[in-house]
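Listed below, chain by chain, are the residues.
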Amino acid sequence: MSILTEKSPLVIRAELPAPFHDGWNTMPGVTVDGTTLTIDAAEYFFRYDNPTWLVCDWTSVRTDLLEARETGSTTIEQMALDHIRRHGRVTTDPAEVLTTAYAVYSWLFRPEHLADPSLQRMGVTTAQLRILVEMGTMMALNRVEVSGEITNVGPAWMFGEAAKVVFGLTTAEAEMIDELYHGSWFNEPRRVEQVKAHVALGGRLVHGCQSGAEVNMAGGCVAPFGFDVSEFRRELAGFRDEWVERVRACGK
């Protein structure tokens with residue numbers, strides 16, 4: 001059962017630019033009705049201990065950061081951290097997090113990337129772009145503290161496993177989606193885009209997966225710069241198997 005604070009919004013409702021896949025209705029507490037996404041926090045989350053999020057306005061990220069270039073004295077990561085320090089703010093509105101995340105992932109996984117010969121050889125499709133956008137949007141509600149403690153986590157954390165349930169993917173298809181999400185599309189320009197875009201969600205993408213099938217599909221989240229990686233890994237290791245099984249059970 002989720003642990004809710006007195007100030008936790010029990011019902012999250014967001015209006016998104018496009019409808020989510022009907023398969024999200026399989027997840028406990030999630031209702032998709034056209035472009036309206038409704039989440040019952042008490043049913044959906046495994047943990048919901050800190051319903052606040054650090055965000056930056058997507059408009060400012062697009063204007064000030066997306067075209068910025070790394071120099072010999074300032075890395076992209078430093079630019080990202082500086083932008084968060086200057087423009088970051090705490091929101092208690094999960095709907096704002098969802099709409100911001102939708103903008104972030106719609107830009108990261110935009111169709112123009114499909115012209116890349118390497119992605120064409122992999123067979124990446126527009127349908128997979130939709131999965132990546134929707135999964136990323138839902139994952140933005142997860143939260144990791146600077147201490148490394150995982151305070152908010154729902155089924156979408158287990159990215160590949162949740163995609164199997166929601167979109168009816170095979171294990172092989174889910175593993176490919178998982179690799180596309182965590183692998184930054186497998187080249188440096190797209191990795192840099194990812195670092196910049198995640199500033200709107202107040203941090204950088206981290207994942208719990210390791211090499212090898214037995215420890216893969218552990219998903220991840222956007223975490224603050226400077227978070228305690230060791231504590232994060234300890235936390236995730238303690239609950240990973242339970243969470244994976246709970247996600248798998250959603251499709252049964």
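Small disclaimer: the values here were computed from a predicted structure and weren't measured. (Residues numbered from 1 in each chain as written. Predicted model: local features only at pLDDT ≥ 70, side-chain atom pairs only at ≥ 80, totals over all residues. Heavy atoms only, no water.)

**Points about the overall build of the protein**
The condition that has to hold: Each helix is a run of DSSP H or I of at least 4 residues and each strand a run of E of at least 2, with the numbering of both proceeding from the N terminus. In this treatment the radius of gyration is a C-alpha quantity, and the globule benchmark scales as 2.2 Å times the residue count to the 0.38 power. The rule is simple: take the accessible area with a 1.4 Å probe, protein chains only, and divide by the maximum for that residue type; under 20% is buried, over 50% is exposed, in between is partly exposed. We call two residues in contact when some of their heavy atoms are within 4.5 Å. The accessible surface values rely on the Shrake-Rupley method and a 1.4 Å probe; as for residues, cover is taken only from the protein chains in view. All tallies of charge rest on Lys and Arg as positive and Asp and Glu as negative; His and the ends of each chain are not included. Taken as the charge centre is NZ of Lys, CZ of Arg, CG of Asp or CD of Glu, depending on the residue.
What the protein contains, in helices and strands, is ten helices and ten strands. Computed over the C-alpha atoms, the radius of gyration of the protein is 17 Å, within 12% of the 18 Å expected from 2.2 N^0.38 for a compact globule of 252 residues. Taking all 252 residues of the protein together, 54% fall into the buried category. Here the analysis covers contacts within the protein between residues at least 6 apart in sequence; of these, 70% occur between residues at least 24 apart. As displayed, the protein has an accessible area near 11300 Å², and 51% of this comes from carbon and sulfur atoms. In the protein, 23 positive and 34 negative side-chain charges are present, and the distance between their average locations comes to 3 Å.

**Notes on the side chain of Glu134**
Selection rule: We define a polar contact as two N or O atoms separated by no more than 3.5 Å, with the added condition that, inside protein, one atom must be a possible hydrogen donor and the other a possible acceptor, whereas residues neighbouring each other in sequence contribute only through side-chain atom pairs.
Within the secondary structure layout, Glu134 lies in helix H6 (residues 126-139). You can call Glu134 buried: its relative accessible area is 2%. Side-chain polar atoms of Glu134 contact the backbone nitrogen of His21, separated by 3.1 Å. What Glu134 contacts, discounting residues up to four positions off in sequence, is Pro19, Phe20, His21, Trp24 and Phe167.

**A word on the layout of surface pockets**
Using the following cut-off: Think of a 1 Å grid over just the protein atoms. A cavity is a set of points where a 1.4 Å probe fits yet cannot get out, a pocket is an open set with protein on both sides within 12 Å along at least five of seven lines, and lining residues have an atom within 4 Å of a point. Grid points are joined across faces, edges and corners, and a volume is the space filled by probe spheres set on the points. Following the grouping adopted for this structure description, the nonpolar residues are Ala, Val, Leu, Ile, Met, Phe, Trp, Tyr, Cys and Pro, the charged ones are Asp, Glu, Lys and Arg, and the polar ones are all others, Gly among them.
Size it by volume and the largest pocket reaches roughly 240 Å³. If you go around the largest pocket, you meet 17 residues; those closest to its centre are Leu54, Arg143, Leu201, Val222 and Pro224. Mapped by element, the contributors of at least two residues to the lining of the largest pocket are strand S5 (53-55), strand S7 (143-144) and strand S10 (220-223). In terms of residues, the lining of the largest pocket owes the most to one element, S5, which gives three residues. Residues belonging to the lining of the largest pocket are distributed by class as follows: eleven nonpolar, four polar and two charged.

**Quick look at the confidence of the model for the protein**
Cut-off, in case you're wondering: Per residue, pLDDT captures the predictor's confidence, and it can take any value from 0 to 100.
For the protein, per-residue confidence averages 89 on the pLDDT scale, and residues scoring 70 or more make up 90% of the total. With pLDDT under 50 throughout, residues 211-215 is counted as low confidence; its partners more than four residues away or in other chains account for five contacts.

**Structural notes on the pattern of salt bridges**
Cut-off, in case you're wondering: Each salt bridge in this description consists of a side-chain nitrogen of Lys or Arg and a carboxyl oxygen of Asp or Glu lying within 4 Å of one another.
This model, assessed by the stated rule, comprises 18 salt bridges. In this structure, Asp57 and Arg89 form a salt bridge, with 2.8 Å as the shortest nitrogen-oxygen distance. In this pair, Asp57 sits in the loop between S5 and helix H2 (58-64) while Arg89 sits in strand S6 (residues 89-91), placing the two residues 32 residues apart along the sequence. One salt bridge in this structure joins Arg246 and Glu242, with 3.5 Å as the shortest N-O distance. Taken as a pair, Arg246 and Glu242 lie in helix H10 (residues 229-250) at a separation of four residues, close to a single helical turn. Glu242 sits in the partly exposed class, given a relative accessible area of 42%. One connected set of salt bridges, linked through shared partners, spans Arg47, Glu231, Arg234 and Glu235.

**Some remarks on the pairing of strand S3 (residues 36-40)**
How we decide: Should DSSP find at least two bridges between two strands, the strands are taken to pair.
Most of S3 is tucked away: four of the five residues are buried. Inspection of the sheet shows strand S1 (residues 11-15) paired to S3 by five bridges, in the antiparallel sense. Note on S3: the bridge partner recorded for Glu15 is Thr36. Two strands pair when backbone bridges link them, and strand S2 (residues 30-33) and S3 are joined in this way by four bridges, in the antiparallel orientation. Among the inter-strand pairings, Thr31 is bridged to a residue of S3, identified as Thr38. As consecutive antiparallel partners, S2 and S3 are separated by two residues, and within that stretch Gly34 has a phi angle of approximately 65°, a positive value.

**Looking at the packing of H6 against helix H7 (residues 159-167)**
The line we're drawing: Between N-to-C directions, angles span 0 to 180 degrees; the directions come from axes that are lines fitted to C-alpha atoms, helices contributing only their stretch in contact. Oblique is the label for any angle not under 35 degrees, not over 145, and not in the 65 to 115 range, which are roughly parallel, roughly antiparallel and roughly perpendicular in turn. Whether a crossing is left-handed or right-handed is set by the direction in which the near helix is turned from the far one by less than a right angle, anticlockwise for left-handed and clockwise for right-handed.
In contact at an axis separation of 11 Å, H6 and H7 are set at 120° when each is read in the N-to-C sense. Our classification of the angle between H6 and H7 gives oblique. Read as a crossing pair, H6 and H7 show a hand that is right-handed. When H6 is examined against H7, the residues Ile131, Leu132, Glu134, Met135, Gly136 and Met139 are found in contact with a partner set consisting of Phe159, Ala162, Ala163 and Phe167. The residue inventory of the contact of H6 with H7, partitioned by class, reads eight nonpolar, one polar and one charged.

**Overview of the nonpolar core**
To keep things clear, this is the line we draw: Residues belong to a common nonpolar core when they are buried Ala, Val, Leu, Ile, Met, Phe, Trp, Tyr or Cys residues joined through side-chain atoms within 4.5 Å.
Membership of the largest hydrophobic core comes to 84 residues, with the highest contact counts inside it found for Trp24, Tyr105 and Met138. In terms of residue count, the dominant contributor to this core is helix H4 (residues 94-108) (nine residues).

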